[in-house]
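# Report on the structure
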Amino acid sequence: MTFRTIRDHSALKWLYPGMHIKRWLVLLLFGIALMGLGIAYILKEAYLQAPLPGAFYYLTLQFMPRWMRGVLFITLSLSTVGIALYKLNESLLYAFVRPDSRDQSMAEVIYNKRFLSRGPRVVAIGGGTGLSTLLRGLKVYTSNLTAIVTVADDGGSTGRLRQEFGVVAPGDLRQCIAALAESEPLMSKLFQYRFSEGNGLEGHSFGNLFIVAMSEVTGNFEAAIHEASRVLNVRGTILPSTLEDVTLSARTHEDEFVHGEHNISERGGRIKELYLNPPDAEAHPDAVRAVLDADIIVIGPGSLYTSVLPNLLVEGLQKALFQTSATKVFVCNVATQHGETDGFGVAEHIEAIERHTGSDLIDAVVANCNIVPELPEAWHSSAVQVSNDALTGYPGVRLVQADVVAEENRYRHDPYKLAATIMRLYDSKDTSSNESRRPAPEEPAVLVTR
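Our subject in this report is the structure included herewith. (Residues numbered from 1 in each chain as written. Predicted model: local features only at pLDDT ≥ 70, side-chain atom pairs only at ≥ 80, totals over all residues. Heavy atoms only, no water.)

## Focus on the overall build of the chain
The number of helices and strands found in the chain is 17 helices and 13 strands. Contacts in the chain between residues far apart in sequence, at least 24 positions, make up 70% of those at least 6 positions apart. For the chain, the accessible area works out to roughly 22,500 Å², and carbon and sulfur atoms hold 58% of it. (Helix = DSSP H or I, 4+ residues; strand = E, 2+ residues; numbered from the N terminus. Contact = heavy atoms within 4.5 Å. Areas by Shrake-Rupley, 256 points an atom, 1.4 Å probe, with all protein chains shown as cover.)

## Quick notes on the packing of aromatic side chains
Across all of its chains, the model carries four aromatic pairs by this definition. Measuring from centroid to centroid gives 6.1 Å for Phe191 and Phe206, while their planes differ by 75 degrees, and the two rings are edge-to-face. Highlighted residues: Phe191 in helix 9 (residues 186–192) and Phe206 in helix 10 (residues 206–218), separated in sequence by 15 residues. Overall, the relative accessible area of 1% leaves Phe191 in the buried class. Overall, Phe206 belongs to the partly exposed group, its relative accessible area being 27%. Where Tyr193 meets Phe195, the ring centres are 5.3 Å apart and the plane angle is 80 degrees; that geometry is what we call edge-to-face. Counting every residue linked through ring pairs, the aromatic cluster contains Phe191, Phe206 and Phe210. (Phe/Tyr/Trp six-rings, centres within 6.5 Å; stacked < 30°, edge-to-face > 60°. Buried < 20%, exposed > 50% of the residue type's maximum accessible area, 1.4 Å probe, protein only.)

## Describing the pattern of salt bridges
The full count for this structure, using the stated rule, is 11 salt bridges. Between Asp403 and Lys417 there is a salt bridge; the shortest N-O distance is 3.3 Å. Here Asp403, found in the loop between strand 10 (398–402) and strand 11 (405–406), pairs with Lys417, found in helix 17 (residues 415–429); they are 14 residues apart in sequence, far enough to count as distant. The network of salt bridges with common partners includes Asp403, Glu407, Arg410 and Lys417. (Salt bridge = Lys/Arg side-chain N within 4 Å of Asp/Glu carboxyl O.)

## Quick notes on helix 13 (residues 285–293)
In an α-helix there are 3.6 residues to a turn, and that puts residues three or four apart on one side. Turning to helix 13, its buried residues are Ala287, Ala290 and Val291. The buried side chains of helix 13 occupy one side of the element, clustering within an arc of 100 degrees when seen end-on. Each element contacted by the buried residues of helix 13 is listed here: strand 1 (122–126), strand 2 (145–149), strand 3 (237–240), strand 7 (296–299) and helix 15 (315–323). (Arc of directions from axis to C-beta.)

## Re the nonpolar core
Buried together is how nonpolar side chains tend to be arranged in soluble globular proteins. Counting residues in each nonpolar core, the largest one holds 103 residues, and the members touching the most others are Ile238 and Val365. Ranked by the residues each element gives to this core, the list is headed by helix 17, at seven residues. The contacts of Ile238, once residues within four sequence positions are left out, are Ala147, Val149, Leu173, Cys176, Ile177, Leu180, Ile225 and Ser229. (Core = buried A, V, L, I, M, F, W, Y, C linked by side-chain atoms within 4.5 Å.)

## Regarding the side chain of Thr133
Tracing the chain through its elements places Thr133 in helix 6 (residues 128–138). Given a relative accessible area of 13%, Thr133 falls into the buried group. What Thr133 contacts, discounting residues up to four positions off in sequence, is His413 and Pro415.

## Concerning the pairing of strand 8 (residues 327–331)
Within strand 8, five of the five residues are buried, which leaves it mostly tucked inside the rest of the structure. Covered by surrounding structure in strand 8 are Thr327, Val329 and Val331 together with Lys328 and Phe330, the residues of both alternating faces. Summarising the sheet, strand 7 and strand 8 pair through four bridges and their orientation is parallel. By the bridge assignment, Val298 is partnered in strand 8 with Val329. For strand 8 and strand 9 (residues 364–368), the ladder comprises three bridges, and the chain directions are parallel. Each residue of the ladder has a partner; that of Phe330, found in strand 9, is Val365. (Pairing = 2+ DSSP bridges.)

## A short note on a nonpolar patch on the surface
Taken together, the side chains of Leu28, Leu29, Ile32, Ile74, Leu78, Leu85 and Leu88 make up a nonpolar region of the molecular surface, amounting to roughly 580 Å² of accessible area. Of all elements in the fold, only helix 2 (22–49) and helix 4 (66–96) reach the threshold of two or more residues within the nonpolar patch. Along the polypeptide, Leu88 turns up in helix 4. (Patch = residues over 30% accessible without salt bridge, like charges linked within 9 Å, V, L, I, M, F, W, Y side chains within 5 Å.)

## Some words on helix 11 (residues 221–231)
All of the buried residues along helix 11 are Phe221, Ala224, Ile225, Ala228 and Ser229. All buried residues of helix 11 fall inside an arc of 130 degrees around its axis, so they share one side. Set apart from the buried face of helix 11 by more than 90 degrees, the exposed residues are His226 and Arg230. The secondary structure elements touched by the buried residues of helix 11 are helix 8 (171–180), helix 10 and strand 3. The backbone nitrogen of Glu222 lies 3.2 Å from a side-chain oxygen of the residue at the head of helix 11, namely Asn220. Within two residues after helix 11, Asn233 carries a phi angle of roughly 55 degrees, on the positive side. (Polar contact = N/O pair within 3.5 Å; in protein donor to acceptor, adjacent residues only side chain to side chain.)

## Section: the sheet that holds strand 5 (residues 257–259)
If you walk across this open sheet you meet the three strands as 5-4-6, and the pairing is antiparallel. A single partner strand is all that each edge strand has here, and the edge strands are strand 5 and strand 6 (271–277). Each strand axis lies, on average, 20 degrees off the axis of its neighbour in the sheet, ignoring direction. Note that strand 4 (residues 247–252) and strand 6 share six bridges and pair antiparallel. By the bridge assignment, Thr252 is partnered in strand 6 with Ile271. Sitting on the sheet, helix 14 (residues 304–312) is in contact with strand 4 and strand 6, with an inclination near 50 degrees to strand 6. (Axes fitted to C-alpha atoms, helices over the stretch in contact; angles between N-to-C directions.)

This is the structure we're talking about:
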């Protein structure tokens, strides 16, 4: 058992600073000690004054030295108090905690409530698998999470539901709900479950159908996301970047126009310009408010042109990003995406963002430094390269290199490595947040080169 395992054991969380538990445990033990002292006085008086049978010689353990009797009774006392507290923990947990959280200890529940609610206000902007991966790591540190999600997806199950019901694209929102649900990974499996057969059901994911059904029950899509998050005990807030029915369009370097996110991904080719229809789509007011109130804003990871940039093209959201005082961090993908970012390095990712939003939007870039020479040929992808002069043309941008890649899939980020790196970056700006941080499973070393 490692020191980290011992440190993170739920029993030791009772002793963490700020839990408001130790003072009452001390008072409890003090009360028990006073009770024991009072009983001892009474027994001593009875023992000295009243004639007792010879069997009491053995019942009172007089054949043992006094110090040994003291140690024995102290050990028995601590054992019974510990068992009583453990069983009390189980009883309280059963009565007051949601049924799907009863596998947690009461210490874990209190810890999450007290510490995570003090965490930094983090806004994550993106979509797809990249955003949900990031959220899985960040929810270890704070419950003050806001995910702002693209709603331009129009392929697969999402596209069919948009056409048939006229709803905002639920696909990326579904992935975020699954990632932030307290019952994850079970809820993740359920929400990501895709029907393989059935007339009208084939190809649909359960999560998409759940969200659409909830929108019918509640009367609007915004309420559906809120109620779905409440029912599933989501840690944080999930918001669409806009509630309008938007379509993503692109112009390639060959001056070909492509309409629809799905077509852009399938078409391939270098994208010269990306834009939304309608171009004046109104940003979700709560998303704008979250950006203005944030302590740190994380943009990406995810498909640059179909997950990240669609959010930044929403005018109100873009203005809020320039006005906020929060640190804005762009998480660069660990690998290029075939058809979108072939041959891109870190600088090309930044250039694409500034070309669509304007300069000086980003304060820092997180890039993976654990690079392997080649990725499998079937992926049609290569690792995003980082060099010390990668941001020469962006003097105001800080480059942070760290091992953030998932070893089992080097095309993806590791959620806990990535979250630990972002929190280290945040702590370097605001060390006062250290006491509200939760120890992560792994915290890779961060190399700041700029």
